[in-house]
Amino acid sequence: MPLIQREQYLEFLRRHKDQDVIKVVSGVRRCGKSTLFELFKQELLASGVKANQIISINFEDLEFEPLQEYHALHEYIVERLISETPMYVFLDEVQHVPQFEKVVGSLFIKPNVDIYITGSNAYFMSSDIATLLTGRYVQIEMLPLSFKEFHSAYSQQNLLDMDIYNLYIEHSSFPRLVHVEDDESIDEYLESILNTVVLKDIVTRLKITDVPLLLDIIKYLLANIGSLINPTKIANTLTSYGRKTDNKTVEKYLQGLKDGLLIYEVDRFDVKGKALLQRNAKYYVVDSAFRKFLLSRTDSDRGHILENIVYLELIRRGYRVYVGHLQNGEIDFVAKKPHRLEYYQVSYTVMEDTTLRRELSPLEKLDDNYPKYLLTMDVLHKTDNHNGIEQKNVLDWLLE
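Every residue gets a number counted from 1 within its own chain, in the order that chain's sequence is written. Where local features are concerned, this predicted model is filtered to residues with pLDDT of at least 70; where side-chain atom pairs are given and counted, the filter is 80 or more; whole-chain, interface and lining totals use all residues. Side-chain figures throughout are based on the complete set of non-hydrogen atoms in the structure, without hydrogens or water.

- Identification of the chain as ATP-binding protein from Veillonella fallax is taken from an unreviewed UniProt entry.

Structure follows, in structure tokens:
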């Protein structure tokens with residue numbers, strides 16, 4: 001099966017190739033970081049780079065386990081550098097190497113060495129490491145397949161966009177599961193990812209002893225995708241169900257889930273006061289198929305799943321995303337870039353007039369001239385405009 005071209009991330013690597021910065025790709029496990037490196041190495045070879053100019057180490061491979069000691073890793077790489085020749089060093093899942101930043105920093109100061117690294121959690125580029133590498137690196141966060149990337153894998157099949165979307169949310173956006181239709185195989189793969197992230201990344205690092213509680217918190221978050229919640233509310237709800245805990249423990253576990261890049265927290269932004277609000281946030285999951293897998297629900301909760309997908313797409317497009325707070329209303333997403341702001345409402349359908357009016361109302365309260373969008377699954381013969389609020393078919397938007 002041909003590899004899906006992850007063009008957004010390849011372009012990041014191309015743009016910084018041979019530049020005097022360390023290229024860092026972070027992302028949840030199995031989202032495609034190793035494949036990205038393979039695609040980029042193929043491009044290097046096709047451009048005339050020789051095989052011996054590429055040093056590639058994947059620390060998930062037991063063959064390289066002895067190199068998880070940073071002195072040994074440094075010696076291994078330096079021995080393979082060719083004097084006065086451009087060298088390309090790829091270190092995949094480098095978080096397995098304690099003090100890897102010393103190796104990377106040492107290689108950085110050597111001439112003609114271009115460095116690329118990946119890691120599967122947020123804390124592999126912790127504040128301490130980031131401080132040591134300040135000014136020396138550029139970073140991009142990689143996500144599983146976007147709908148557009150997933151859609152490209154079905155371009156040769158006679159499927160409607162809606163059919164492909166249903167596959168996308170039910171079969172997962174992880175690249176390995178494209179064209180896999182066996183539910184049992186999909187569940188086994190999702191379980192293996194979850195176990196790896198939870199047990200290897202979160203439990204080990206935070207020294208968590210109550211793994212069932214951590215899983216209960218994950219399930220709570222997945223059951224409440226797109227709802228405003230806080231650690232105290234989570235703790236009180238779980239305690240009422242007989243899983244006694246407190247908000248400090250929940251806060252610790254939430255941080256682990258965010259650092260494991262499994263869960264994303266979206267803060268509220270006071271649109272009128274232009275300030276972040278501390279209490280309550282919304283949570284989204286890196287892949288909506290986890291919801292079906294862990295909750296075993298037959299109802300799809302289509303609206304919140306769609307909201308989750310739109311949130312991740314905005315992140316892919318480089319926005320900082322917040323929940324918009326108004327005195328008498330809420331805007332699903334306030335998407336910010338330097339010198340740019342956009343507002344988004346997301347609804348599965350607004351065919352009923354009462355639903356349309358409800359979704360438009362928060363946007364109509366805004367008195368600025370920034371773009372305002374209503375994204376729905378409704379089939380539109382043209383782009384509808386509601387007094388300056390642009391309604392778009394969300395699948396068309398995702399495929400832009």
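### Considerations on the overall build of the chain
Line of reasoning, step 1. The numbering of helices and of strands both runs from the N terminus, where a helix is a DSSP run of H or I of at least 4 residues and a strand a run of E of at least 2. Summing up its helical and strand segments, the chain has 15 helices and 13 strands in all.
Line of reasoning, step 2. Expected size for 400 residues packed as a compact globule is a radius of gyration near 21 Å; at 23 Å, the chain falls within 12% of this value.
Line of reasoning, step 3. Seen through its C-alpha atoms, the chain measures out along the principal axes to roughly 70 × 50 × 45 Å.
Line of reasoning, step 4. Residue burial in the chain is summarised as follows: out of 400 residues, 52% are buried.
Line of reasoning, step 5. Any two residues whose heavy atoms approach within 4.5 Å at even a single point are treated as in contact. A separation threshold of at least 6 residues defines the contact pool for the chain, and within that pool the share at least 24 residues apart is 66%.
Line of reasoning, step 6. In this description, accessible areas are obtained by the Shrake-Rupley approach with a 1.4 Å probe, and a residue is regarded as covered only by the protein chains that are shown. Accessible surface, the chain as shown: approximately 19000 Å² in total, 48% of it carbon and sulfur.
Line of reasoning, step 7. Measuring between centres, the 47 positive side-chain charges of the chain sit 5 Å from its 59 negative side-chain charges. Put simply, the radius of gyration uses C-alpha atoms, and a globule should come to 2.2 Å times the residue count raised to 0.38. When accessible area is computed with a 1.4 Å probe and restricted to protein chains, residues below 20% of their type maximum are described as buried, those above 50% as exposed, and intermediate ones as partly exposed. Asp and Glu are treated as the negative residues and Lys and Arg as the positive ones, with His and the ends of the chain left uncounted. For charged residues, the charge sits on one atom: NZ in Lys, CZ in Arg, CG in Asp, CD in Glu.

### Observations concerning the side chain of T355
Line of reasoning, step 1. Tracing the chain through its elements places T355 in helix α14 (residues 353–364).
Line of reasoning, step 2. Classification of T355 by relative accessible area gives buried; the value is 12%.

### Some words on the packing of helix α8 (residues 183–206) against helix α9 (residues 211–223)
Line of reasoning, step 1. For helices, the axis comes from a line fit to the C-alpha atoms of the stretch in contact; other axes are also lines fit to C-alpha atoms, and the angle between any two N-to-C directions lies between 0 and 180 degrees. Relative orientation of the contacting elements α8 and α9 amounts to 120°, with a least axis distance of 12 Å. Overall, the two elements α8 and α9 adopt an arrangement that is oblique. Handedness of the crossing formed by α8 with α9: right-handed. Residues L194, V198, L199, I202 and V203 of α8 lie in contact with α9, whose contacting residues are V211, L214 and I218.
Line of reasoning, step 2. Under the convention adopted here, Pro, Cys and the residues Ala, Val, Leu, Ile, Met, Phe, Trp and Tyr are nonpolar, Asp, Glu, Lys and Arg are charged, and Gly plus all remaining residues are polar. Residues belonging to the contact of α8 with α9 are distributed by class as follows: eight nonpolar, no polar and no charged. Working definition: roughly parallel below 35 degrees, roughly antiparallel above 145 degrees, roughly perpendicular at 65 to 115 degrees, and oblique for all remaining angles. Note on convention: the crossing is left-handed when the near helix lies turned anticlockwise from the far helix by less than a right angle, right-handed when the turn is clockwise.

### Looking at the packing of helix α10 (residues 231–240) against helix α11 (residues 247–259)
Line of reasoning, step 1. At a closest axis distance of 8 Å, the pairing of α10 and α11 adopts a crossing angle of 115°. Between α10 and α11, the interaxial angle falls into the category roughly perpendicular. In the crossing of α10 with α11, the sense of the turn from one axis to the other is right-handed. Residue-level contacts link P231, T232, I234 and A235 of α10 to N247, V250, E251 and L254 of α11.
Line of reasoning, step 2. The class makeup of the residues in the contact of α10 with α11 is five nonpolar, two polar and one charged.

### Observations regarding the sheet that holds strand β12 (residues 384–386)
The pairing of strands in a sheet comes from backbone hydrogen bonds and takes either a parallel or an antiparallel form.
Line of reasoning, step 1. Criterion used throughout: strands pair if DSSP finds at least two bridges between them. The strand order across the open sheet built from eight strands is β7-β6-β8-β9-β10-β11-β13-β12, with neighbouring strands paired in mixed fashion. Two strands close off the open sheet at either side, each with one partner strand: β7 (275–285) and β12. Shown here is a sheet whose adjacent strand axes are inclined to one another by a mean of 35°, direction ignored.
Line of reasoning, step 2. With five bridges joining them, strand β11 (residues 372–376) and strand β13 (residues 389–393) adopt parallel strand pairing. Along β13, the bridge assignment pairs K372 with I389.

### Some remarks on the pattern of salt bridges
Line of reasoning, step 1. We define a salt bridge as a contact between a side-chain nitrogen of Lys or Arg and a carboxyl oxygen of Asp or Glu at a distance within 4 Å. In this structure the tally under the stated criterion is 27 salt bridges.
Line of reasoning, step 2. Here K372 and D368 are joined by a salt bridge, their closest N and O atoms 3.3 Å apart. Each member of the pair K372 and D368 is classed as buried.
Line of reasoning, step 3. Shared partners join several salt bridges into a network, and the residues in it are E313, R316, R317, K392 and E400.

### Topic: the sheet that holds strand β3 (residues 87–92)
Line of reasoning, step 1. Read from one edge to the other, the open sheet built from five strands follows the order β2-β3-β4-β1-β5, with strand pairing classed as parallel. Either end of the sheet is taken by a strand with one partner, and the two such strands are β2 (54–58) and β5 (137–142). Taken pair by pair, the neighbouring strands of this sheet meet at an average axis angle of 15°, ignoring direction.
Line of reasoning, step 2. Pairing geometry for strand β1 (residues 22–27) and strand β4 (residues 113–119), over four bridges, is parallel. Note that in β4 the partner of V25 across the bridge is T118.
Line of reasoning, step 3. Of the strands in this sheet, β1, β4 and β5 are in contact with helix α1 (residues 7–16), which crosses β5 at around 170°.
Line of reasoning, step 4. Where helix α2 (residues 33–46) meets the sheet, its contacts fall on β1, β2, β3, β4 and β5, and the angle it forms with β3 comes to roughly 170°.

### Remarks on helix α4 (residues 100–108)
Residues separated by three or four positions in an α-helix point in the same direction, a consequence of the helix having 3.6 residues per turn.
Line of reasoning, step 1. For α4, a buried count of eight out of nine residues is recorded, marking the element as mostly surrounded by other parts of the structure.
Line of reasoning, step 2. If you check which residues of α4 are buried, you get F100, E101, V103, V104, G105, S106, L107 and F108.
Line of reasoning, step 3. Next to the buried residues of α4 lie β1, α3 (70–80), β3, β4 and α5 (127–132).

### So, the nonpolar core
Line of reasoning, step 1. I217 and F290 are the most contacted members of the largest nonpolar core, which has 97 residues in total.
Line of reasoning, step 2. Looking at which element gives the most residues to this core, the answer is α8, with 10 residues.
Line of reasoning, step 3. Among all residues touching I217, those that are not within four sequence positions of it are I234, L238, V250, Y253, L254 and L257.
Line of reasoning, step 4. The nonpolar core is taken to be a set of buried Ala, Val, Leu, Ile, Met, Phe, Trp, Tyr and Cys residues, with the residues joined through side-chain atoms within 4.5 Å. Judged by nonpolar contacts, the second largest core, of 27 residues, contains I55, F59, V97 and I115.

### Points about the UniProt feature "domain: AAA" (unreviewed entry) in the chain
Line of reasoning, step 1. UniProt positions are given in the numbering used here, feature names are shortened, and annotations may be inferred rather than shown by experiment. Look at the UniProt record and you will see "domain: AAA" (unreviewed entry) annotated at residues 22–150.
Line of reasoning, step 2. Taken end to end, residues 22–150 is 34% helix and 23% strand, and its first and last C-alpha atoms sit 29 Å apart.

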